[in-house]
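# Working through the structure, step by step
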Amino acid sequence: MRLYDYKYSPISDRRKWMETVKISSGLGYFGGKQFIGKYLMNRLFNMAVRMEDDGNKADIFIDAFTGGGKIGLSVPEGWFNTIVINDLDYGVVSYFEACRDKPDKLIKLIEEIGVCMCKELFNVFVYNRCNSSASAIRKIKKDYNNEDWISDETVEPLLAGAMTYWVVQSEFNGCTAPGKANYSLNIQDKSDKENEDKYGRGKHEREAIKNIIELAKKRIPKVHDIIKRRNVIIESLDYRELIKKYNGKPYRDLQGTEHLEEKMDEKNKLWYFDPPYHPATLSGGKNAPYMMAFPIEMVDEMTRILHNDRMDEFGEIKYFVKSDYNPKYRYEEEYDEPDKNIKVLTGLKKSYHDFDVLEENDKNSTRYRDKDIDYYVECIGDFGKGASDNEGKAQGREYIWCRGNYQGEESSNWKSNGTEQLA
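Residues numbered from 1 in each chain as written. Predicted model: local features only at pLDDT ≥ 70, side-chain atom pairs only at ≥ 80, totals over all residues. Heavy atoms only, no water.

Let's shift gears to the overall build of the chain. Tallying secondary structure elements over the chain gives 15 helices and nine strands in all. For the chain, buried positions account for 56% of its 423 residues. Summarising the internal contacts of the chain: among those between residues at least 6 apart in sequence, 68% fall at separations of at least 24. For the chain, the exposed area adds up to about 19,500 Å²; of that, 47% sits on carbon and sulfur atoms. (Helix = DSSP H or I, 4+ residues; strand = E, 2+ residues; numbered from the N terminus. Buried < 20%, exposed > 50% of the residue type's maximum accessible area, 1.4 Å probe, protein only. Contact = heavy atoms within 4.5 Å. Areas by Shrake-Rupley, 256 points an atom, 1.4 Å probe, with all protein chains shown as cover.)

Given below as C-alpha coordinates:
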(Lines give C-alpha, C1' and ligand atoms only; values in the text may rest on other atoms or scores of the structure.)
Protein backbone atom coordinates (compact mmCIF):
# COMPACT_ATOMS: atom_id res chain seq x y z
CA MET A 1 0.00 0.00 0.00
CA ARG A 2 1.44 3.38 -1.01
CA LEU A 3 1.19 6.56 1.04
CA TYR A 4 -1.87 7.95 -0.77
CA ASP A 5 -3.72 4.64 -0.51
CA TYR A 6 -2.90 4.43 3.18
CA LYS A 7 -3.95 8.03 3.77
CA TYR A 8 -7.43 7.56 2.30
CA SER A 9 -8.06 4.06 3.65
CA PRO A 10 -10.27 3.42 6.69
CA ILE A 11 -8.49 2.23 9.84
CA SER A 12 -9.77 -1.32 9.32
CA ASP A 13 -8.04 -1.53 5.93
CA ARG A 14 -4.86 -0.02 7.34
CA ARG A 15 -4.81 -2.70 10.00
CA LYS A 16 -5.27 -5.49 7.50
CA TRP A 17 -2.43 -4.12 5.42
CA MET A 18 -0.19 -3.72 8.48
CA GLU A 19 -0.57 -7.42 9.13
CA THR A 20 1.12 -8.07 5.79
CA VAL A 21 4.04 -5.69 6.39
CA LYS A 22 7.25 -7.65 6.90
CA ILE A 23 9.69 -6.48 9.53
CA SER A 24 13.09 -7.02 7.96
CA SER A 25 16.18 -7.68 10.04
CA GLY A 26 19.71 -7.12 8.87
CA LEU A 27 21.09 -8.40 12.18
CA GLY A 28 19.47 -9.99 15.23
CA TYR A 29 20.86 -7.10 17.27
CA PHE A 30 20.36 -6.43 20.98
CA GLY A 31 17.49 -3.97 21.45
CA GLY A 32 15.76 -4.90 18.20
CA LYS A 33 12.04 -4.16 18.01
CA GLN A 34 10.80 -7.72 17.58
CA PHE A 35 7.85 -7.15 19.93
CA ILE A 36 6.78 -3.70 18.80
CA GLY A 37 8.15 -3.37 15.27
CA LYS A 38 4.77 -3.23 13.55
CA TYR A 39 3.37 -0.93 16.20
CA LEU A 40 6.20 1.53 15.60
CA MET A 41 5.80 1.23 11.84
CA ASN A 42 2.11 2.06 12.26
CA ARG A 43 3.04 5.23 14.15
CA LEU A 44 5.66 6.20 11.56
CA PHE A 45 3.13 5.71 8.76
CA ASN A 46 0.64 7.96 10.57
CA MET A 47 3.33 10.60 10.96
CA ALA A 48 4.10 10.40 7.24
CA VAL A 49 0.41 10.99 6.54
CA ARG A 50 0.44 13.98 8.89
CA MET A 51 3.42 15.43 7.00
CA GLU A 52 1.62 14.97 3.68
CA ASP A 53 -1.47 16.66 5.12
CA ASP A 54 0.71 19.59 6.16
CA GLY A 55 2.03 19.94 2.62
CA ASN A 56 5.44 18.63 3.71
CA LYS A 57 5.52 15.16 2.18
CA ALA A 58 8.61 13.41 3.55
CA ASP A 59 11.49 13.12 1.12
CA ILE A 60 13.86 11.37 3.52
CA PHE A 61 13.37 8.85 6.34
CA ILE A 62 16.32 8.84 8.76
CA ASP A 63 16.94 5.97 11.20
CA ALA A 64 19.53 7.62 13.45
CA PHE A 65 20.44 4.55 15.56
CA THR A 66 19.82 1.70 13.17
CA GLY A 67 21.42 -1.19 15.08
CA GLY A 68 20.11 -4.35 13.41
CA GLY A 69 18.13 -2.30 10.89
CA LYS A 70 14.66 -3.55 11.77
CA ILE A 71 12.96 -0.19 11.28
CA GLY A 72 15.05 1.44 8.56
CA LEU A 73 14.99 -1.66 6.37
CA SER A 74 11.28 -2.30 6.90
CA VAL A 75 9.93 0.97 5.49
CA PRO A 76 7.90 -0.04 2.39
CA GLU A 77 9.15 0.89 -1.03
CA GLY A 78 7.79 4.15 -2.42
CA TRP A 79 7.01 5.95 0.85
CA PHE A 80 10.23 7.99 0.82
CA ASN A 81 12.67 8.98 -1.90
CA THR A 82 15.63 8.19 0.34
CA ILE A 83 16.17 6.11 3.49
CA VAL A 84 19.16 6.78 5.73
CA ILE A 85 20.43 4.19 8.20
CA ASN A 86 23.10 5.39 10.62
CA ASP A 87 25.18 3.77 13.33
CA LEU A 88 28.42 4.56 15.15
CA ASP A 89 29.42 0.90 15.46
CA TYR A 90 32.16 0.19 12.88
CA GLY A 91 31.28 -3.51 12.69
CA VAL A 92 27.58 -2.87 12.15
CA VAL A 93 28.19 -0.25 9.44
CA SER A 94 30.77 -2.52 7.77
CA TYR A 95 28.24 -5.35 7.71
CA PHE A 96 25.58 -3.25 5.96
CA GLU A 97 28.11 -1.80 3.53
CA ALA A 98 29.26 -5.32 2.67
CA CYS A 99 25.63 -6.40 2.17
CA ARG A 100 25.28 -3.50 -0.26
CA ASP A 101 28.59 -3.77 -2.14
CA LYS A 102 29.97 -7.30 -1.68
CA PRO A 103 27.17 -9.66 -0.65
CA ASP A 104 28.73 -12.75 -2.26
CA LYS A 105 32.14 -12.11 -0.69
CA LEU A 106 30.52 -11.52 2.70
CA ILE A 107 28.63 -14.82 2.53
CA LYS A 108 31.78 -16.67 1.43
CA LEU A 109 33.79 -15.20 4.32
CA ILE A 110 31.06 -16.09 6.81
CA GLU A 111 31.16 -19.66 5.49
CA GLU A 112 34.95 -19.82 5.81
CA ILE A 113 34.81 -18.57 9.39
CA GLY A 114 32.17 -21.20 10.19
CA VAL A 115 34.71 -23.97 9.58
CA CYS A 116 36.55 -23.03 12.79
CA MET A 117 33.98 -20.92 14.68
CA CYS A 118 34.15 -21.60 18.42
CA LYS A 119 34.05 -19.83 21.78
CA GLU A 120 37.67 -18.66 21.60
CA LEU A 121 37.20 -17.16 18.13
CA PHE A 122 33.95 -15.55 19.28
CA ASN A 123 35.84 -13.72 22.04
CA VAL A 124 38.48 -12.54 19.57
CA PHE A 125 35.71 -11.15 17.35
CA VAL A 126 33.94 -9.41 20.26
CA TYR A 127 37.06 -7.45 21.21
CA ASN A 128 38.40 -6.71 17.72
CA ARG A 129 35.51 -6.28 15.25
CA CYS A 130 35.55 -2.47 15.76
CA ASN A 131 39.31 -2.03 15.29
CA SER A 132 38.90 0.49 12.50
CA SER A 133 41.98 2.59 13.30
CA ALA A 134 44.84 3.02 15.75
CA SER A 135 42.77 5.54 17.73
CA ALA A 136 39.82 3.11 17.90
CA ILE A 137 42.13 0.39 19.21
CA ARG A 138 43.52 2.73 21.88
CA LYS A 139 39.98 3.57 22.99
CA ILE A 140 38.93 -0.08 23.14
CA LYS A 141 42.02 -0.90 25.21
CA LYS A 142 41.26 2.00 27.56
CA ASP A 143 37.56 1.16 27.90
CA TYR A 144 37.92 -2.58 28.33
CA ASN A 145 41.45 -3.03 29.72
CA ASN A 146 41.99 -6.49 28.26
CA GLU A 147 45.40 -6.77 26.63
CA ASP A 148 45.03 -10.55 26.23
CA TRP A 149 42.15 -10.29 23.75
CA ILE A 150 42.63 -6.94 21.98
CA SER A 151 44.86 -6.96 18.91
CA ASP A 152 46.97 -4.04 17.71
CA GLU A 153 45.94 -4.76 14.13
CA THR A 154 43.19 -2.86 12.36
CA VAL A 155 40.39 -4.87 10.77
CA GLU A 156 39.35 -4.21 7.17
CA PRO A 157 35.62 -3.56 6.64
CA LEU A 158 34.61 -6.87 5.01
CA LEU A 159 36.13 -8.87 7.86
CA ALA A 160 34.65 -6.49 10.46
CA GLY A 161 31.22 -7.08 8.92
CA ALA A 162 31.62 -10.87 8.98
CA MET A 163 32.94 -10.78 12.57
CA THR A 164 29.97 -8.68 13.64
CA TYR A 165 27.54 -11.08 11.99
CA TRP A 166 29.07 -14.02 13.86
CA VAL A 167 29.07 -12.20 17.21
CA VAL A 168 25.43 -11.14 16.92
CA GLN A 169 24.20 -14.53 15.73
CA SER A 170 26.24 -16.49 18.29
CA GLU A 171 25.07 -14.46 21.29
CA PHE A 172 21.70 -15.34 22.81
CA ASN A 173 20.47 -11.72 22.95
CA GLY A 174 22.51 -10.31 20.06
CA CYS A 175 24.74 -8.47 22.56
CA THR A 176 28.06 -7.17 21.19
CA ALA A 177 29.78 -5.48 24.15
CA PRO A 178 33.11 -6.89 25.37
CA GLY A 179 32.80 -8.42 28.81
CA LYS A 180 29.04 -8.82 28.40
CA ALA A 181 28.62 -10.82 25.20
CA ASN A 182 28.52 -14.57 25.81
CA TYR A 183 28.92 -17.38 23.29
CA SER A 184 25.66 -19.35 23.29
CA LEU A 185 26.23 -22.08 20.69
CA ASN A 186 28.16 -24.55 22.85
CA ILE A 187 25.25 -25.92 24.84
CA GLN A 188 25.85 -29.67 24.84
CA ASP A 189 24.16 -32.82 25.97
CA LYS A 190 26.03 -35.88 27.25
CA SER A 191 26.39 -37.44 23.80
CA ASP A 192 28.10 -34.30 22.47
CA LYS A 193 31.28 -34.98 24.44
CA GLU A 194 31.84 -38.15 22.45
CA ASN A 195 31.34 -36.40 19.10
CA GLU A 196 33.59 -33.36 19.47
CA ASP A 197 35.64 -32.21 16.49
CA LYS A 198 39.18 -30.85 16.63
CA TYR A 199 37.87 -27.46 17.76
CA GLY A 200 36.09 -29.05 20.72
CA ARG A 201 32.66 -28.51 19.16
CA GLY A 202 29.90 -31.02 19.80
CA LYS A 203 27.12 -32.04 17.45
CA HIS A 204 24.68 -29.36 18.63
CA GLU A 205 27.26 -26.59 18.30
CA ARG A 206 28.20 -27.67 14.78
CA GLU A 207 24.52 -27.77 13.82
CA ALA A 208 23.95 -24.26 15.21
CA ILE A 209 26.91 -22.97 13.21
CA LYS A 210 25.56 -24.58 10.06
CA ASN A 211 22.18 -22.88 10.64
CA ILE A 212 23.84 -19.49 11.07
CA ILE A 213 25.61 -19.92 7.73
CA GLU A 214 22.36 -20.90 6.01
CA LEU A 215 20.66 -17.86 7.53
CA ALA A 216 23.38 -15.63 6.05
CA LYS A 217 22.76 -17.11 2.60
CA LYS A 218 19.08 -16.15 2.87
CA ARG A 219 19.33 -12.85 4.73
CA ILE A 220 22.23 -11.05 3.06
CA PRO A 221 20.79 -11.12 -0.50
CA LYS A 222 17.50 -9.76 0.88
CA VAL A 223 19.29 -6.92 2.68
CA HIS A 224 21.27 -6.19 -0.49
CA ASP A 225 18.04 -6.00 -2.49
CA ILE A 226 16.34 -3.68 0.01
CA ILE A 227 19.31 -1.30 0.14
CA LYS A 228 19.50 -1.08 -3.64
CA ARG A 229 15.79 -0.85 -4.44
CA ARG A 230 14.85 1.62 -1.71
CA ASN A 231 17.78 4.02 -2.19
CA VAL A 232 19.25 3.38 1.27
CA ILE A 233 22.18 5.56 2.31
CA ILE A 234 24.48 4.13 5.00
CA GLU A 235 26.02 6.68 7.37
CA SER A 236 28.37 6.36 10.33
CA LEU A 237 28.06 9.59 12.30
CA ASP A 238 27.42 10.65 15.85
CA TYR A 239 23.66 11.32 15.90
CA ARG A 240 24.34 14.99 16.60
CA GLU A 241 26.54 15.32 13.52
CA LEU A 242 23.92 13.38 11.54
CA ILE A 243 21.28 15.95 12.51
CA LYS A 244 23.57 18.77 11.49
CA LYS A 245 24.37 17.17 8.12
CA TYR A 246 20.76 16.50 7.12
CA ASN A 247 19.61 19.87 8.44
CA GLY A 248 22.18 21.61 6.23
CA LYS A 249 24.59 22.63 9.00
CA PRO A 250 28.39 22.23 9.11
CA TYR A 251 29.31 18.88 10.67
CA ARG A 252 32.32 16.77 11.64
CA ASP A 253 32.83 13.10 10.73
CA LEU A 254 34.37 10.40 12.93
CA GLN A 255 37.86 11.19 11.65
CA GLY A 256 37.46 14.78 12.82
CA THR A 257 37.19 16.23 9.32
CA GLU A 258 35.03 19.34 9.11
CA HIS A 259 32.39 19.44 6.35
CA LEU A 260 30.61 22.51 5.07
CA GLU A 261 26.84 22.61 5.06
CA GLU A 262 25.12 20.47 2.42
CA LYS A 263 21.90 21.44 0.65
CA MET A 264 19.65 19.28 2.83
CA ASP A 265 17.62 21.90 4.65
CA GLU A 266 14.99 22.16 1.90
CA LYS A 267 14.24 18.42 2.12
CA ASN A 268 11.36 17.22 4.31
CA LYS A 269 12.65 14.70 6.81
CA LEU A 270 10.98 12.19 9.11
CA TRP A 271 13.42 11.24 11.86
CA TYR A 272 13.33 8.05 13.90
CA PHE A 273 15.43 7.91 17.08
CA ASP A 274 15.96 4.70 19.03
CA PRO A 275 19.05 5.49 21.17
CA PRO A 276 20.91 2.84 23.19
CA TYR A 277 19.35 1.99 26.52
CA HIS A 278 20.69 4.44 29.09
CA PRO A 279 21.75 3.36 32.60
CA ALA A 280 18.51 4.54 34.16
CA THR A 281 16.64 1.78 32.34
CA LEU A 282 18.78 -1.08 33.66
CA SER A 283 18.96 -2.52 37.16
CA GLY A 284 21.88 -1.15 39.14
CA GLY A 285 22.32 1.81 36.80
CA LYS A 286 24.60 -0.17 34.50
CA ASN A 287 25.37 0.67 30.92
CA ALA A 288 23.57 -1.32 28.26
CA PRO A 289 25.62 -4.03 26.48
CA TYR A 290 26.71 -1.97 23.47
CA MET A 291 30.20 -0.87 22.43
CA MET A 292 29.10 2.75 22.89
CA ALA A 293 27.34 3.71 26.11
CA PHE A 294 24.57 6.35 26.26
CA PRO A 295 24.85 8.03 29.67
CA ILE A 296 22.07 10.05 31.20
CA GLU A 297 23.85 13.29 30.23
CA MET A 298 23.38 12.31 26.58
CA VAL A 299 19.70 11.59 27.23
CA ASP A 300 19.38 15.11 28.58
CA GLU A 301 21.22 16.58 25.59
CA MET A 302 19.13 14.63 23.08
CA THR A 303 15.95 15.85 24.78
CA ARG A 304 17.00 19.47 24.36
CA ILE A 305 18.09 18.99 20.75
CA LEU A 306 14.79 17.30 19.83
CA HIS A 307 12.91 20.03 21.65
CA ASN A 308 14.65 22.52 19.34
CA ASP A 309 16.32 24.35 22.22
CA ARG A 310 19.54 24.41 20.15
CA MET A 311 18.24 25.30 16.71
CA ASP A 312 21.09 27.65 15.85
CA GLU A 313 23.52 24.74 16.05
CA PHE A 314 21.38 21.83 14.85
CA GLY A 315 18.54 23.33 12.85
CA GLU A 316 14.87 22.59 13.42
CA ILE A 317 13.59 19.03 13.80
CA LYS A 318 10.00 19.34 12.65
CA TYR A 319 8.86 15.72 12.51
CA PHE A 320 10.22 12.84 14.54
CA VAL A 321 9.33 9.68 16.39
CA LYS A 322 11.53 8.62 19.30
CA SER A 323 11.36 5.23 21.00
CA ASP A 324 12.94 4.77 24.42
CA TYR A 325 12.43 3.72 28.02
CA ASN A 326 11.14 6.68 29.98
CA PRO A 327 13.67 8.11 32.47
CA LYS A 328 10.83 9.88 34.34
CA TYR A 329 9.21 6.50 34.97
CA ARG A 330 12.48 5.01 36.18
CA TYR A 331 13.16 7.90 38.53
CA GLU A 332 9.70 7.73 40.09
CA GLU A 333 10.12 3.99 40.54
CA GLU A 334 13.21 4.36 42.72
CA TYR A 335 13.22 7.82 44.26
CA ASP A 336 11.98 6.47 47.62
CA GLU A 337 15.39 4.78 47.98
CA PRO A 338 17.71 7.81 47.79
CA ASP A 339 20.91 5.79 48.24
CA LYS A 340 20.14 3.42 45.37
CA ASN A 341 21.76 4.36 42.06
CA ILE A 342 22.14 7.89 43.41
CA LYS A 343 24.34 9.09 40.55
CA VAL A 344 21.93 7.87 37.88
CA LEU A 345 18.86 9.18 39.70
CA THR A 346 20.42 12.57 40.29
CA GLY A 347 21.14 12.75 36.58
CA LEU A 348 17.53 11.89 35.85
CA LYS A 349 16.24 14.62 38.09
CA LYS A 350 18.46 17.15 36.32
CA SER A 351 17.27 15.98 32.92
CA TYR A 352 13.58 16.78 33.48
CA HIS A 353 12.13 18.83 30.68
CA ASP A 354 8.62 19.71 29.51
CA PHE A 355 9.26 17.45 26.51
CA ASP A 356 9.74 14.50 28.88
CA VAL A 357 7.05 15.07 31.46
CA LEU A 358 3.96 15.16 29.28
CA GLU A 359 1.65 12.41 30.46
CA GLU A 360 0.85 9.54 28.13
CA ASN A 361 -2.17 9.98 25.89
CA ASP A 362 -5.53 10.11 27.62
CA LYS A 363 -8.29 9.00 25.26
CA ASN A 364 -10.75 11.33 26.98
CA SER A 365 -8.49 14.37 26.71
CA THR A 366 -8.47 16.83 23.82
CA ARG A 367 -5.07 18.32 24.60
CA TYR A 368 -3.26 16.32 21.88
CA ARG A 369 -5.76 17.44 19.25
CA ASP A 370 -4.93 21.05 19.98
CA LYS A 371 -2.74 22.48 17.20
CA ASP A 372 -0.70 24.31 19.86
CA ILE A 373 0.52 20.99 21.31
CA ASP A 374 3.64 20.01 19.38
CA TYR A 375 4.70 16.98 21.37
CA TYR A 376 2.91 13.74 22.00
CA VAL A 377 4.02 10.90 24.29
CA GLU A 378 2.46 7.47 24.59
CA CYS A 379 3.25 4.44 26.72
CA ILE A 380 3.58 1.29 24.61
CA GLY A 381 3.97 -1.17 27.47
CA ASP A 382 6.35 -3.04 29.78
CA PHE A 383 9.03 -5.20 28.19
CA GLY A 384 11.92 -7.38 29.24
CA LYS A 385 15.06 -5.87 27.76
CA GLY A 386 17.03 -9.08 27.30
CA ALA A 387 19.39 -8.00 30.09
CA SER A 388 19.50 -9.67 33.47
CA ASP A 389 21.24 -9.40 36.80
CA ASN A 390 21.12 -11.19 40.12
CA GLU A 391 17.54 -10.05 40.56
CA GLY A 392 16.42 -11.59 37.27
CA LYS A 393 15.47 -10.15 33.91
CA ALA A 394 15.26 -6.37 33.81
CA GLN A 395 12.00 -4.75 32.78
CA GLY A 396 11.30 -1.34 31.34
CA ARG A 397 8.36 0.78 30.34
CA GLU A 398 8.78 1.81 26.73
CA TYR A 399 7.35 5.05 25.36
CA ILE A 400 7.25 6.83 22.06
CA TRP A 401 7.59 10.58 21.72
CA CYS A 402 6.52 12.40 18.56
CA ARG A 403 6.63 15.89 17.16
CA GLY A 404 4.65 17.18 14.20
CA ASN A 405 1.07 17.65 15.46
CA TYR A 406 0.89 13.89 15.66
CA GLN A 407 -2.52 12.29 16.10
CA GLY A 408 -2.79 8.64 16.98
CA GLU A 409 -5.58 6.36 15.89
CA GLU A 410 -8.71 6.04 17.98
CA SER A 411 -7.14 2.93 19.50
CA SER A 412 -4.01 4.75 20.64
CA ASN A 413 -4.73 3.92 24.29
CA TRP A 414 -3.76 0.32 23.48
CA LYS A 415 -1.22 -1.12 25.90
CA SER A 416 1.09 -4.00 25.21
CA ASN A 417 2.02 -6.90 27.44
CA GLY A 418 5.16 -7.43 25.39
CA THR A 419 3.78 -10.07 23.03
CA GLU A 420 1.58 -8.15 20.57
CA GLN A 421 3.08 -6.71 17.43
CA LEU A 422 0.28 -4.58 16.02
CA ALA A 423 -1.54 -1.54 17.34
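Additional details are given in the paragraphs that follow.
Its twelve residues place the ends of helix H4 (residues 90-101) 16 Å apart at the C-alpha level, agreeing with the 16 Å of an ideal helix rising 1.5 Å per residue. Most of H4 is tucked away, with nine of its twelve residues classed as buried. Within H4 the residues assigned to the buried category are Tyr90, Gly91, Val92, Val93, Ser94, Tyr95, Phe96, Ala98 and Cys99. Against the buried residues of H4 lie strand S2 (82-86), helix H5 (103-114), helix H8 (157-170), helix H9 (203-229) and strand S3 (232-235). At the N-terminal boundary of H4, the capping side chain belongs to Asp89, with an oxygen 2.9 Å from the backbone nitrogen of Gly91. (Expected span 1.5 Å × (residues − 1). Polar contact = N/O pair within 3.5 Å; in protein donor to acceptor, adjacent residues only side chain to side chain.)

Here the focus is the environment of Phe65. If you trace the backbone, Phe65 turns up in the loop between strand S1 (60-63) and S2. Separated by 171 residues in the primary sequence, Phe65 and Ser236 place their C-alpha atoms 9.7 Å from one another. With residues up to four places along the chain from it excluded, the contact list for Phe65 reads Asn86, Asp87, Tyr239, Phe273, Asp274, Pro275, Pro276, Phe294 and Met302.

Turning next to the pattern of salt bridges. Counted according to the given criterion, the structure contains 19 salt bridges. Here Asp152 ties to Lys141 by a salt bridge, and the two come within 2.3 Å at their closest N and O atoms. One end of the pair, Asp152, is in the loop between helix H7 (134-144) and H8; the other, Lys141, is in helix H7, and eleven residues separate them in sequence. Residue Asp152 is classed as exposed on the basis of its relative accessible area of 58%. Its salt-bridge partner being Arg229, residue Asp225 comes within 2.7 Å of it at the nearest N-O pair. Of this pair, Asp225 and Arg229 both sit in helix H9, four residues apart, which is roughly one turn of that helix. (Salt bridge = Lys/Arg side-chain N within 4 Å of Asp/Glu carboxyl O.)

On to the nonpolar core, then. Formed by 79 residues in total, the largest nonpolar core has its most connected members in Phe61, Trp79, Leu106, Trp166 and Leu270. In this structure, Trp166 is in contact with Ile110, Ile113, Gly114, Met117, Phe125, Ile209, Ile212 and Ile213, ignoring residues within four places of it in sequence. Ranked by size, the runner-up nonpolar core spans 29 residues in total, among them Tyr239, Phe294, Val299 and Trp401. (Core = buried A, V, L, I, M, F, W, Y, C linked by side-chain atoms within 4.5 Å.)

So, on to the packing of aromatic side chains. To describe a pair of aromatic rings, you give the distance between the ring centres and the angle between the ring planes. By the definition in use, this model includes 14 aromatic pairs. A centroid spacing of 6.3 Å and a plane angle of 80 degrees characterise the contact between Tyr165 and Trp166, whose relative ring orientation is edge-to-face. For the pair shown, Tyr165 and Trp166 are each scored as buried. A connected cluster of aromatic rings, assembled from ring pairs, spans Tyr6, Trp17, Phe45 and Trp79. Its end group placed over the ring of Tyr6, Arg14 keeps NZ or CZ at 4.4 Å from the ring centre. Between the NZ or CZ atom of Lys322 and the centre of the ring of Trp401, over which it lies, the distance is 4.6 Å. (Phe/Tyr/Trp six-rings, centres within 6.5 Å; stacked < 30°, edge-to-face > 60°. Lys NZ or Arg CZ within 6 Å of the ring centre and 35° of its normal.)

Packed helix pairs are specified by the crossing angle of their axes together with the interaxial distance, meaning the distance between the axes. With their axes 10 Å apart at the nearest point, H5 and H9 run at an angle of 170 degrees to one another. By the angle between their axes, H5 is roughly antiparallel relative to H9. Packed against H5, whose contacting residues are Pro103, Leu106, Ile107, Ile110, Glu111 and Gly114, the element H9 presents Ile209, Ile213, Ala216, Lys217, Ile220, Pro221 and His224 at the interface. (Axes fitted to C-alpha atoms, helices over the stretch in contact; angles between N-to-C directions. Parallel < 35°, antiparallel > 145°, perpendicular 65-115°, else oblique.)

Turning to the packing of H8 against H9, a few remarks are in order. The interhelical angle for the contact between H8 and H9, taken along N-to-C directions, is 120 degrees, at an axis separation of 11 Å. Taken together, the axis directions place H8 and H9 in an arrangement best described as oblique. Note that H8 runs across H9; the crossing there is right-handed. Of the residues in H9, those in contact with Tyr165, Trp166, Gln169 and Ser170 of H8 are Ile209, Ile212, Ile213, Leu215, Ala216 and Arg219. Residue classes in the contact of H8 with H9 are distributed as seven nonpolar, two polar and one charged. (Left-handed = near helix turned anticlockwise from the far one by under 90°. Nonpolar A, V, L, I, M, F, W, Y, C, P; charged D, E, K, R; others polar.)

Positive phi, normally seen in glycine, also occurs at Asn231, with a value near 55 degrees. Here Asn231 lies in the loop between H9 and S3. Residues other than glycine seldom take positive phi values, yet Asn308 does so here, at roughly 65 degrees. Mapped onto the elements of the fold, Asn308 is located in the loop between helix H11 (296-306) and helix H12 (311-314). Residue Asn308 is classed as buried on the basis of its relative accessible area of 12%.

Within the secondary structure layout, Val49 lies in helix H3 (residues 37-53). Taking the C-alpha atoms as reference points, Val49 and Tyr4, separated by 45 residues in sequence, lie 8.2 Å from one another. If we ignore the near neighbours within four places in the chain, the residues touching Val49 are Leu3, Tyr6 and Lys7.

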